[in-house]
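# Coordinate inspection notes
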Amino acid sequence: VTITTRLLVSHLSGIRHYEKDITKVKEEKEKANRALKLTKSHQDKEQKEGKGIEKTDIVKQKKEHDGETKSRNSKPGRKDKEFEQEEYYLKEKFESVIESLKIFKNDPLFFKPGDQFLYSTYGFTLLSAVVERASGQKFTDYMLKMFRDLDMLSTVLDDNEAMIYNRARCYVYNKKGRLVNAPYVDNSYKWAGGGFLSSVGDLLKFGNALLYSYQAGQFKNRNGKLLPGYLKPGTVAMMWTPVPKTEVSWDRDGKYAMAWAVVEKNQQYGCCRQQRHYASHTGGAVGASSVLLILPEELDPEAQGTWPVAPPRGVVVTIICNMQSVSLNSTALKIAREFDKEKQAQ
């Protein structure tokens with residue numbers, strides 16, 4: 001088979017995640033698909049029965065909110081099962097990402113590359129090995145230089161031995177429901193998929209750099225005063241374009257793109273639910289949870305290049321907490337929408 005970097009970055013490679021048993025993975029996916037079908041059929045029934053009056057809309061919104069809350073509350077359960085996998089708690093130190101490939105390189109693929117979606121941290125470990133070989137540098141050195149270019153000076157390797165100023169302690173709940181310190185792990189086997197420490201300030205810089213790059217091409221008539229983005233506008237647009245056959249666990253309206261989950265702009269009925277275009281990604285590690293969400297401002301194409309305020313235009317929200325299995329995407333989206341409403345009101 002052929003595995004391309006595009007398949008790796010969209011989790012379509014067939015490389016396993018932490019679970020080695022394909023039967024268990026299929027069972028979990030079938031359960032999730034059944035639950036999703038039930039939810040969608042319930043929503044379709046409500047839409048057909050709705051009369052369009054204000055009271056009906058309020059009831060519909062309440063039921064939709066209840067459904068979202070139920071979905072949110074169920075996510076930690078799925079994550080907890082993931083955190084039961086032994087490989088989450090590896091303590092072995094790997095000197096290079098090439099060396100860490102030995103963990104999974106001899107395991108069979110779960111499906112033919114490109115046929116199905118399966119979120120895989122190891123897919124990103126292989127991707128980091130590609131970066132290492134293509135750049136001629138150690139992956140970690142390559143990334144730290146990039147973080148410096150982005151002015152993300154607080155983003156570092158999660159190295160247990162190094163003295164890292166302001167490093168937070170991480171916590172988990174034990175089997176008795178009590179808060180305890182997270183166990184010791186070594187993340188050198190998955191730098192690309194969960195091996196960096198950062199701060200909310202640095203993640204905001206990262207989000208704004210991407211948003212600036214995404215919008216910079218639309219601000220052409222500023223007498224050459226606008227600096228180029230870190231990435232080309234077309235590159236970010238490609239990264240934020242949904243890829244067929246993918247799915248997103250933290251927002252059922254979304255699809256996976258290239259290392260980002262993306263929800264596209266959509267509204268089927270007047271005065272009803274609106275879907276805004278946004279990109280996000282959550283993070284889960286032993287003792288920590290995070291999210292970075294980017295809600296671009298909807299710019300008028302008729303006024304291209306004449307906006308008074310330069311990019312980035314939109315809202316960037318990031319949350320980091322030193323607690324395991326916390327679902328944060330819905331909270332970040334609500335915060336982004338509130339700030340967006342405030343900007344529109346002005």
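Everything discussed here concerns the structure shown above.
Reference entry: report on the structure contained in this document. The structure presented is a predicted model; accordingly, all values stated were derived computationally and were not measured.

Now for the overall build of the protein. When helices and strands are tallied, the protein shows ten helices and nine strands. Looking at the protein residue by residue over its 346 residues, the buried ones come to 37%. Put simply, 67% of the contacts in the protein that link residues at least 6 apart link residues at least 24 apart.

On to the sheet that holds strand 9 (residues 314–321). Reading across from one edge, 5-6-7-8-9 is the order of the five strands in this open sheet, with antiparallel pairing throughout. Two strands in the sheet have a free side with no partner beyond their single neighbour: strand 5 (255–256) and strand 9. Relative to strand 9, strand 8 (residues 288–296) runs antiparallel, the two being bridged by eight bridges. The residue of strand 9 that forms the bridge with Ser289 is Cys321. Helix 8 (residues 200–216) rests against strand 8 and strand 9 of the sheet, and its axis sits at about 150 degrees to strand 9. Sitting on the sheet, helix 10 (residues 329–345) is in contact with strand 7 (278–285), strand 8 and strand 9, with an inclination near 150 degrees to strand 9.

What follows covers helix 8. Look at helix 8: 24 Å from first C-alpha to last across 17 residues, which is about the 24 Å you get at 1.5 Å a residue. All of the buried residues in helix 8 are Asp202, Leu203, Gly207, Leu210, Leu211, Tyr212, Ser213, Gln215 and Ala216. For helix 8, the secondary structure elements touched by its buried residues are helix 9 (233–239), strand 8 and strand 9.

On to the side chain of Ser100, then. Inspection of the secondary structure puts Ser100 in helix 4 (residues 97–100). At a separation of 2.7 Å, a polar atom in the side chain of Ser100 contacts the main-chain carbonyl oxygen of Val97. Ignoring sequence-local partners within four residues, the contact set of Ser100 consists of Phe94, Thr125, Ser188 and Tyr189.

This part covers the pattern of salt bridges. Evaluated as defined, the whole model comprises 14 salt bridges. Linked by salt bridges that have partners in common, Arg16, Lys20, Glu87 and Asp107 make up one network.

Counting residues in hydrophobic clusters, the biggest one holds 39 residues, and the most contacted among them are Tyr122, Leu210, Trp240, Trp260 and Ile294. Secondary-structure elements contributing two or more residues to this core are helix 1 (5–9), helix 5 (121–135), helix 6 (139–149), helix 8, helix 9 and strand 8. With four residues, helix 5 is the single largest residue contributor to this core. Two domains share this core, each providing at least three of its residues, namely domain 1 (1–38 + 81–155 + 186–197) and domain 2 (198–345). One finds Val263, Leu293, Leu295 and Ala336 within the second-largest nonpolar core, a separate group that totals 14 residues.

What follows concerns the pairing of strand 7. Across a regular strand the side chains alternate sides, sitting on one face of the sheet and then on the other. The sheet contact formed by strand 6 (residues 261–263) and strand 7 spans three bridges and is antiparallel. Bridge pairing in strand 7 places Val263 opposite Tyr278. Looking at chain direction, strand 7 and strand 8 are connected through seven bridges and run antiparallel. Bridged to Ala279 within strand 8 is Ile294.

A word on the packing of aromatic side chains. Ring pairs (aromatic) are described by centroid distance and by the angle formed between their planes. Tallied over the full model, the rule gives ten aromatic pairs. Measuring from centroid to centroid gives 6.0 Å for Trp240 and Trp260, while their planes differ by 80 degrees, and the two rings are edge-to-face. Residue Trp240 is found in the loop between helix 9 and strand 5, and its partner Trp260 is found in the loop between strand 5 and strand 6; the two are separated by 20 residues along the sequence. Accessibility expressed as a relative area gives 6% for Trp260, which makes it buried.

Glancing now at helix 6. All of the buried residues along helix 6 are Phe139, Thr140, Met143 and Phe147. End-on view of helix 6: buried residues confined to an arc of 95 degrees, all on one side of the axis. Residues of helix 6 that are buried sit in contact with helix 4, helix 5, strand 1 (156–157), helix 7 (191–194) and strand 4 (196–197). Remark: Asp151 follows helix 6 within two positions and exhibits a positive phi of approximately 65 degrees.

On to the state of the cysteines, then. A complete count under the given rule lists zero disulfides for this structure. Cys321 carries a free sulfur, and the closest cysteine sulfur to it, the one in Cys170, is 9.4 Å from it.

Rules used throughout
- Residues numbered from 1 in each chain as written.
- Predicted model: local features only at pLDDT ≥ 70, side-chain atom pairs only at ≥ 80, totals over all residues.
- Heavy atoms only, no water.
- Helix = DSSP H or I, 4+ residues; strand = E, 2+ residues; numbered from the N terminus.
- Buried < 20%, exposed > 50% of the residue type's maximum accessible area, 1.4 Å probe, protein only.
- Contact = heavy atoms within 4.5 Å.
- Pairing = 2+ DSSP bridges.
- Axes fitted to C-alpha atoms, helices over the stretch in contact; angles between N-to-C directions.
- Expected span 1.5 Å × (residues − 1).
- Polar contact = N/O pair within 3.5 Å; in protein donor to acceptor, adjacent residues only side chain to side chain.
- Salt bridge = Lys/Arg side-chain N within 4 Å of Asp/Glu carboxyl O.
- Core = buried A, V, L, I, M, F, W, Y, C linked by side-chain atoms within 4.5 Å.
- Domains from an automatic or database assignment.
- Phe/Tyr/Trp six-rings, centres within 6.5 Å; stacked < 30°, edge-to-face > 60°.
- Arc of directions from axis to C-beta.
- Disulfide = S-S within 2.5 Å.

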